[in-house]
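Fold and contact review
As a plain string of letters, each chain reads:
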Amino acid sequence: MEPENADREWKKGSAELLILSLLEQQSRHGYEICKLIEVRSGGALRFHVTTLYPLLYRLEERGFVQGKWIEKPEQRRRRYYSLTPQGRKVLAHQRQSWREFVAAISRIVEPENA
Amino acid sequence: MPDWKREIRNRLTSLQIEPAREAGIIEEFAEHLEDRYQELLSGGVDETAARKIVMRELESAEFLPDALPARERAPRPEPVPQGETSSGNPFADFGRDLRYGLRALCKTPLFTFVAVLTLALGIGANTTVFTIINSLLLHPLPVTEPSRLVAVCGTQAKGSKQAGGLLPLSYADFQDYASRQTAFSGMSAFTPILAMTLERATGPQRVFGELVTGSYFEALGISPAAGRFFSRDETAVGASAPVAVISYNAWKGKFGGAGDVVGHTLEINNVAVTVIGVAPPGFLGVSAIFGPDLWLPSALCEQLFPAEFHNALTDRSKTVFHVVARLKAGVARSQAQTSLEPLAAALRNTYPEADEARTVTVRPITDELYWGAGGGSSIVLSSVVLLVIVALVLAIACSNVASLLLARAAARRHEIAVRLAVGASRGRLVRQSLTESILLSLLSCAAGLGIGYAGCRLLWSFSPPEVAQNLLEPKLDQTVFTLAFLVSLVTAFAFGLMPALRSSKADVLDALKEDTRGAGRGRRAVSFSNLVLVGQIAFSFVSLVTAALFLRGVQRAYNMDPGFQTQHLAVFMMNPGQTGYGEARTKDFYRTIQERVSTLPGVASASWAYNMPFWASASRAISIERREPRKKSETITTIVNTVDTNYFETMAIPVVRGRVFTDADRDGTLPAAVINQELAEKYWPGREALGHRFLLAGDKTPRQVIGIVRTTNYTTLGEKAQPCVYLPLRQNFSNGMTLYVRSKADPGGILAGVQAKIRRFDPNVEVSDVRTGPKMIGQVLWAPRIAVALLGVFGSLALALASVGLYGVMAYSVNRRRREIGLRMALGASRGRVLGHVLRNGLTLVWIGVGVGLGASLLLGRALSRMLFGISSTDLISLAGASLVLILVAFVACYFPARAAARVDPMVALRDI
């Protein structure tokens, strides 16, 4: 698999977890989510408009997040996404699975385990 | 600031998201892009670069479709049939198919428009032709049980076929047949249509009338639209109160549809007649084409036409009555014929002088209906030719729409494969496709009926306005609607079935694996459309060549020499006898008018003649004195024309030998005649005809040939030579004559002057049928001109449709080969070479089509050569002209796809791989 494709596949697998995680503490708008992913991953992960929003819409469709148009003083109208109670449960579940998955993978790929 | 919203909206259009949701998505995306743009700007990137980066990010992945939740796209279900199986209720299924079909058509308005327009033109052309055929051939007589009507004609007892003439009967003979026959439930006689003068407050007006015997309307089985028909007393000879029945069109037109027209008194040919009824609409008498304005009892004939019908009710040699009869139920035409033969034999014995060698024949009524129009068979032939042409035009339209559907099906192949994969049956898919085709064809049917109606109106607008009310009026009736509907259904299957079967055959796995952009018809499908295309081009070529041949024929006919001059000719028809003038006064009228008109400025000479140019036909038998009588089967009939002095000079007909009529040829002197060369050669081959005497049928005294003139055209242009006898007016009086005027310059300039002169001399005489030579030539060529117009229109239509087909196939093939072309260009092929390559591919098809068409048009041209006024079927100008037009149009149709191919960006095309 070419590196670019690999990146895409990784993103697909983990994107939902990333978004749900970022919404755990507070509601955020799409651009903010994008920027946070980019900054916190040190530029390794980058979401564009066409990948982020379809994911957000799907999460909303499944009832994990809720989008709401909010108008704050001195700011443009924006759509803020927040976690629903169901989303919180899913996040906890996914986080647990991720940890187990990473640990399992690490046990295989880390040199000290060889 | 870049218009992000527009960029996003453009990309969302094809997804057809519910509008409110779409607006939300657009706003949210635009916010995002704007934030990103501002971020780049603040990072020191310039505006253009920033915009480019943002746009690239927008393009960076497959746009929404894959990822967008299903709910967003749900409001508009796909028009392709879904995977569900039949609901078990065929009507519900059909309704659902119909809804899908309608949505599919609305979704692709351009496709729908082009397909409907294409089919509508095809259906419209068929409707036009069928409407005419329906009125002319299928329903020519609006009477009860027309199949039981027959015509009874007189004929020579032996060899009637060679003598060729089906003759009218005399009134007295008709009465004998009518009173003794047993085969018919009704039998009636009528004269040909006669021009009469109707006196009105505004002055005299020409009308057409028919004299009929008492049971005419009863025998035909029609009911009046108003009033009643003739009673027995009213039609008896010597009836005290003359009456008339007027036609529906005359009532609506000439009498303004007045409610009180029944009971109205009209002055016809100086006789006061009372209108007692109005014939039903569409009734033209026993004629399919031209009908009279009014019907009068035959008993009035001598009162109305003292000269022409003198003794017509008693003299058995005056055969002027056509006979129509209604067979009794269960009696066949042949039985009727057998039953009449003894009656004919009895008449021959009783009246040997008049009825010698005469018998009667019972003919189909169609012989009478198309009398004067070349007979039923030539109308049937022309109709069949026209039907074949329009059917081919429709076939072209169908194959084009089939191509469009195929191309569309190719684009949908992926989706159809998905439906098949989730369990839709093939039959279900085919049915859905066909429903869509039926929907298309029904839309086209409605539009086609509109085009057909307009087509009929347009064709009929060419008919001469002065007789428009008397002409058959084609109507879109139930039969036409039914046929158009059936044709549309057949059409739907013709163009819809193949694409439906082909598209539903998609191999599920292949299609799913394949990129939709690469999906398309296989080589076989393309070569099949190539074959169809070659056929279309060949047909267009044949139509164009035929149209060109007719056009050239008509052009030549305009320059044909009819044997007399037409460029400086004007004619004026008059009937002083119908104004009530006696013989002496009428003769005086003729003499004075000739003298006065001759001296008008601009007039070179003037004369009188009985026949109108191109209106004569051979009608009288001729026998030569002191000569073994010819066999009856060899009887020669001749045209007879009564002319005044100066006639041959006015018409510029050269005198071959002898002399022409002078003032000396008058009553009391030797009966003289001038004959044409054809008659001279036929009767006196290799001998001098001058001085010989002959007898015209019905005449008592023989006439002497005093001159021989050149043979001219009498019935139509370029006709076969016909014998003609000219009689001097001063020995052969007639109530009505036509004034022939030869002008010094354009005849149009003298029309008003001549009419004013006549009116000043006698305001009571109506001048009708004023025509100039060139106008008469135009009227004679009416039928071939219509043929040129129809063939031209249908030929152009065929060419236009074939060009659209050519364009479609070329564009499709270029699109399919984009990658190949891209690769060629990437490997160094120049744009010019690609252009040439694609053009060559398209034009090869055109050449093959032209080749096939050329062969076919040579064959067809040979069959048509009789109607081409001497233009050869291999006429180079027609063939070259048609080829040039076709190749030019085909070139344009190929050029645009070829140019598109040459503009393929190698990178873009290759990226698609």
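Everything numeric here is computed off the predicted structure, so don't read it as measured data.

Here the focus is the overall build of chain B. Scanning chain B from N- to C-terminus turns up 31 helices and 23 strands. A burial count over chain B gives 49% of its 913 residues as buried. A sequence separation of at least 24 residues applies to 81% of the contacts in chain B between residues at least 6 apart. Per element, the accessible surface of chain B, about 41100 Å² overall, is 59% carbon and sulfur.

Within chain A, the secondary structure is distributed over 4 helices and 3 strands. Burial statistics for chain A: of 114 residues in total, 38% are counted as buried. Once local pairs closer than 6 in sequence are excluded, the contacts in chain A between residues at least 24 apart make up 46%. As presented, chain A carries roughly 7100 Å² of accessible surface, and 51% of it is formed by carbon and sulfur atoms.

Another point: the environment of Val545 of chain B. Relative to the helices and strands, Val545 of chain B resides in helix α21 (residues 523-558). It is 9.0 Å that separates the C-alpha atoms of Val545 of chain B and Gly853 of chain B, two residues lying 308 residues apart in sequence.

Residues and elements named next belong to chain B. Counting residues in each nonpolar core, the largest one holds 100 residues, and the members touching the most others are Tyr647, Phe648, Tyr726 and Leu806. It is helix α27 (residues 782-816) that contributes the most residues to this core, 14 residues altogether. With near-sequence residues (within four places) excluded, Tyr726 lies in contact with Asn641, Val643, Tyr647, Phe648, Ile653, Phe661, Ala672, Ala673, Val674, Val709, Thr712 and Tyr714. In this structure, Val150, Ala325, Leu347 and Val360 belong to the second largest nonpolar core, which totals 46 residues.

Okay, helix α28 (residues 818-826) of chain B next. For an α-helix, the turn length of 3.6 residues means that residues three or four places apart are oriented alike. All names here are of chain B. Ile821, Gly822 and Met825 are the residues of α28 that are buried. All buried residues of α28 fall inside an arc of 100 degrees around its axis, so they share one side. Where α28 ends, the next residue or the one after it, Gly828, has phi of about 115 degrees, a positive value.

The geometry of an aromatic ring pair is captured by two quantities: the separation of the ring centres and the angle between the planes. Residue and element names in this part refer to chain B. This model, assessed by the stated rule, comprises 29 aromatic pairs over all chains. Feature note: the residues Phe190, Tyr216, Phe217, Phe229, Phe230, Phe283 and Trp295 constitute an aromatic cluster, connected by ring pairs. We note Lys252 situated over the ring of Trp251; from NZ or CZ to the ring centre the distance is 4.5 Å.

Before going further, it helps to examine the side chain of Thr112 of chain B. All names here are of chain B. By secondary structure assignment, the location of Thr112 is in helix α6 (residues 109-138). Taking the relative accessible area as the measure of exposure, Thr112 reaches 11% and is therefore buried. At a separation of 2.7 Å, a polar atom in the side chain of Thr112 contacts the main-chain carbonyl oxygen of Leu105. A polar side-chain atom of Thr112 sits 2.9 Å from the main-chain carbonyl oxygen of Thr108. For Thr112, the residues in contact, after removing those within four places along its chain, are Leu105 and Leu440.

Attention shifts here to the side chain of Ser441 of chain B. All names here are of chain B. Its location among the elements puts Ser441 in helix α18 (residues 426-460). Overall, the relative accessible area of 0% leaves Ser441 in the buried class. Within the structure, the side chain of Ser441 is placed 3.0 Å from the backbone oxygen of Ile438, a separation counted as a polar contact. Not counting the four nearest positions on each side in its chain, Ser441 is found in contact with Leu119, Ile123, Ser488, Ala492 and Phe495.

Overall, the predicted model of chain A reaches an average pLDDT of 82, with 86% of residues at or above 70. Between the elements of chain A, mean pLDDT differs from a low of 70, seen in helix α1 (residues 3-22) of chain A, to a high of 92, seen in strand β1 (residues 28-29) of chain A.

Contacts between the two partners involve 24 residues from chain B and, on the opposite side, 21 residues from chain A. Summed over both sides, the interface between chain B and chain A buries roughly 2100 Å², with carbon and sulfur atoms accounting for 54% of that surface. Three residues, Glu28, His32 and Asp35 of chain B, lead the burial of chain B against chain A; their summed loss comes to 30% of the area buried on that side. The interface formed by chain B and chain A includes 3 salt bridges.

Residue and element names in this part refer to chain B. Between α18 and helix α19 (residues 478-503), whose axes approach to 7 Å, the crossing angle comes to 145 degrees. Note that α18 runs across α19; the crossing there is right-handed. Its residues assigned to classes, the contact of α18 with α19 shows 17 nonpolar, 6 polar and 1 charged.

Residue and element names in this part refer to chain B. Among the 5 residues that make up strand β21 (residues 724-728), 5 are buried, leaving the element largely enclosed by the rest of the structure. Residues Cys724, Tyr726 and Pro728 of β21 are buried on one face, and the alternating residues Val725 and Leu727, pointing to the opposite face, are buried as well. With 5 bridges joining them, strand β16 (residues 637-643) and β21 adopt parallel strand pairing. Each residue of the ladder has a partner; that of Val643, found in β21, is Pro728.

Residues and elements named next belong to chain B. Within strand β13 (residues 569-574), 5 of the 6 residues are buried, which leaves it mostly tucked inside the rest of the structure. Relative to strand β22 (residues 737-743), β13 runs antiparallel, the two being bridged by 6 bridges. Bridge pairing links Val571 to Tyr740 in β22. As paired strands, β13 and strand β23 (residues 767-772) are joined by 4 bridges and run antiparallel to one another. Its bridge partner being in β23, Met574 is matched across the sheet by Val767.

How each quantity is defined
- Residues numbered from 1 in each chain as written.
- Chains lettered and ligands numbered in written order.
- Predicted model: local features only at pLDDT ≥ 70, side-chain atom pairs only at ≥ 80, totals over all residues.
- Heavy atoms only, no water.
- Helix = DSSP H or I, 4+ residues; strand = E, 2+ residues; numbered from the N terminus.
- Buried < 20%, exposed > 50% of the residue type's maximum accessible area, 1.4 Å probe, protein only.
- Contact = heavy atoms within 4.5 Å.
- Areas by Shrake-Rupley, 256 points an atom, 1.4 Å probe, with all protein chains shown as cover.
- Core = buried A, V, L, I, M, F, W, Y, C linked by side-chain atoms within 4.5 Å.
- Arc of directions from axis to C-beta.
- Phe/Tyr/Trp six-rings, centres within 6.5 Å; stacked < 30°, edge-to-face > 60°.
- Lys NZ or Arg CZ within 6 Å of the ring centre and 35° of its normal.
- Polar contact = N/O pair within 3.5 Å; in protein donor to acceptor, adjacent residues only side chain to side chain.
- pLDDT = per-residue confidence, 0-100.
- Buried area = accessible area lost by both parts, 1.4 Å probe.
- Salt bridge = Lys/Arg side-chain N within 4 Å of Asp/Glu carboxyl O.
- Axes fitted to C-alpha atoms, helices over the stretch in contact; angles between N-to-C directions.
- Left-handed = near helix turned anticlockwise from the far one by under 90°.
- Nonpolar A, V, L, I, M, F, W, Y, C, P; charged D, E, K, R; others polar.
- Pairing = 2+ DSSP bridges.

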